[in-house]
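Descriptive analysis of the structure
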Amino acid sequence: MRKIRQKLLQENRVTRYLIYAFGEIFLVVIGILIALQVNNWNQERVEKRKSNEFHQRLSNDLDQIIRFLAGIEEYSNLVANQLDEAVEILESGQFNDSSKRVLDFAFGNYFRLSRHLPELSTYEEMKSSGQLGLIYNLELREELSKYITQQKLVSTIYEDLNEKVNQTTFMDPYLKFEQGGSVTENAFSYDFSKIRQDQVVINTLSRYAFHWKSKSSFSRSLQNQASELNAFIQKEIETSL
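For the structure given in this document, a descriptive report is provided here. Throughout this document, residue positions are counted from 1 along each chain, in the order its sequence is written. With pLDDT at 70 or above as the cut-off, local features in this predicted model cover only qualifying residues; side-chain atom pairs require 80 or more to be listed or tallied, and sums for whole chains, interfaces and linings still use all residues. The side-chain values count all of the structure's non-hydrogen atoms but skip hydrogen atoms and water molecules.

Focus: the side chain of Asn-162
Note the following rule: Helix and strand definitions follow DSSP, with helices as H or I runs of at least four residues and strands as E runs of at least two, each counted in order from the N terminus. In this analysis, two residues are considered to be in contact whenever any of their non-hydrogen atoms come within 4.5 Å of each other.
Checked against the element boundaries, Asn-162 lands in helix H5 (residues 138-165). Discounting residues that sit within four places of it in the chain, Asn-162 has contacts with Leu-113 and Arg-115.

The following block contains the structure:
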């Protein structure tokens with residue numbers, strides 16, 4: 001190309017030289033633009049792949065949360081039902097092997113209300129690293145934010161419920177824990193005839209049953225919200241394929 005330019009100048013053919021020079025510049029510019037476009041395509045492809053990975057991780061997190069909440073709901077219903085039965089047994093005064101099993105479970109579990117809730121860790125990671133923009137759907141981003149807010153509220157409610165049912169002094173005069181007992185086994189004895197005469201015990205167990213039902217209700221509500229959110233994310237994943 002340099003020899004061609006020199007030849008055109010030597011022949012005093014300035015017009016053709018300028019055309020040739022502009023053509024050269026045009027080709028260089030086009031080459032740069034193509035290179036930039038290719039680089040942009042590569043960046044968009046990498047960003048889209050990362051976005052899909054985050055969406056899948058969000059879905060996996062929600063799957064685990066949904067299973068966890070289902071377990072909470074099931075256990076909460078079990079404890080609440082056993083507490084209701086325990087109240088009926090104490091009020092009726094009928095004590096046998098079957099009623100003893102109910103009372104043993106109620107006395108050994110009424111205070112085991114966990115306050116723990118798993119976090120949506122992928123969302124927190126994206127938020128802390130400034131990558132929430134990889135959730136392109138603004139409505140989905142807003143729904144995720146709403147879920148986080150609701151989860152924090154439920155977690156606060158769990159803490160409050162835990163404090164309410166973690167009072168054991170009303171049962172202390174009646175339960176004698178045996179040596180060699182464990183956390184998983186209710187190794188204690190009690191005098192049924194004395195417990196059933198204490199209306200405070202009966203009323204407290206009845207109130208605790210209500211608290212456990214409340215926990216079950218909040219677990220179900222958050223579980224439904226998590227399921228709807230997960231369906232939204234799955235739809236986004238399918239759309240991006």
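Details of helix H3 (residues 97-109)
To keep things clear, this is the line we draw: By definition here, a helix of n residues has an expected span of 1.5 Å times n minus one. Only protein chains enter the area calculation, which uses a 1.4 Å probe; residues under 20% of their type maximum are buried, those over 50% are exposed, and those in between are partly exposed. Under this definition, polar contacts are N or O atom pairs within 3.5 Å; protein pairs additionally need one hydrogen-donor-capable and one acceptor-capable atom, and for neighbouring residues in sequence, both atoms have to be side-chain atoms.
The end-to-end C-alpha distance of H3 is 18 Å, a good match for the 18 Å that 13 residues give at a rise of 1.5 Å each. Those residues of H3 lying buried are Ser-99, Val-102, Leu-103, Asp-104, Ala-106, Phe-107, Gly-108 and Asn-109. Measuring from the side-chain oxygen of the N-cap residue of H3 to the backbone nitrogen of Ser-98 gives 3.1 Å; that N-cap residue is Asn-96.

Details of the packing of aromatic side chains
Selection rule: What counts as a ring pair is set by centres within 6.5 Å for rings of Phe, Tyr and Trp (its six-membered ring), and what kind of pair is set by the plane angle: stacked under 30 degrees, edge-to-face over 60, tilted for all other angles.
Under the counting rule described, the total for this entry stands at eight aromatic pairs. Seen from their ring centres, Phe-95 and Phe-192 are 4.6 Å apart, and the 20° between their planes marks the pair as stacked. Taken as a pair, Phe-95 in the loop between helix H2 (14-92) and H3 and Phe-192 in helix H6 (residues 192-195) lie far apart in primary sequence, 97 residues in all. Given the relative accessible area of 39%, Phe-95 is considered partly exposed. Residue class for Phe-192 comes out buried when judged on its relative accessible area of 9%.

Considerations on the pattern of salt bridges
Charged atoms that come close allow side chains of opposite charge to pair. Convention followed: When a carboxyl oxygen of Asp or Glu lies within 4 Å of a side-chain nitrogen of Lys or Arg, that pair is called a salt bridge.
If you walk through the whole model with that rule in mind, you get seven salt bridges. Between Lys-100 and Asp-104 there is a salt bridge, with its nearest N and O atoms 2.8 Å apart. Pair noted here: Lys-100 and Asp-104 are both in helix H3, with a separation of four residues, about one helical turn. Relative accessible area serves as the criterion here: at 35%, Lys-100 is assigned to the partly exposed category. Judged by its relative accessible area of 15%, Asp-104 falls in the buried class. As a salt-bridge pair, Asp-160 and Lys-164 come within 3.2 Å of each other at their nearest N and O atoms. Taken together, the positions of Asp-160 and Lys-164, both in helix H5 and four residues apart, correspond to about one turn of that helix. Asp-160 sits in the partly exposed class, given a relative accessible area of 35%.

Points about the packing of H5 against helix H7 (residues 199-240)
Applicable threshold: Fitting a line to C-alpha atoms yields each axis, with helices limited to the stretch in contact; the angle taken between N-to-C directions then spans 0 to 180 degrees. Relative orientations are named as follows: roughly parallel for angles under 35 degrees, roughly antiparallel for angles over 145 degrees, roughly perpendicular for angles from 65 to 115 degrees, and oblique for any other angle. Note on convention: near helix rotated counterclockwise from far helix by under a right angle means a left-handed crossing. Clockwise means right-handed. Under this grouping Gly is polar, as are all residues other than the nonpolar Ala, Val, Leu, Ile, Met, Phe, Trp, Tyr, Cys and Pro and the charged Asp, Glu, Lys and Arg.
Closest axis-to-axis distance for the H5/H7 pair is 10 Å, and the angle between their directions is 165°. For the element pair H5 / H7, the angle class is roughly antiparallel. Crossing handedness for the pair H5 and H7: left-handed. A breakdown of the residues in the contact of H5 with H7 according to their chemical character gives 15 nonpolar, six polar and six charged.

Structural notes on a nonpolar patch on the surface
Rules: For patch building, the residue pool is restricted to those with more than 30% relative accessible area and no salt bridge; the joining distance is 9 Å between like charges and 5 Å between nonpolar side chains (Val, Leu, Ile, Met, Phe, Trp, Tyr). Accessible surface area values rest on a Shrake-Rupley calculation with a 1.4 Å probe, where residue burial reflects the displayed protein chains alone.
Together, Ile-30, Leu-33 and Ile-34 make up an exposed nonpolar region whose accessible area comes to about 260 Å². The topology assignment puts Ile-30 in helix H2. Classification of Ile-30 as partly exposed rests on a relative accessible area of 32%.

Describing the environment of Gln-131
Inspection of the secondary structure assignment puts Gln-131 in the loop between helix H4 (121-128) and H5. Classification of Gln-131 by relative accessible area gives buried; the value is 19%. Along the primary structure Gln-131 and Lys-50 are separated by 81 residues, whereas in three dimensions their C-alpha atoms are 10.0 Å apart.

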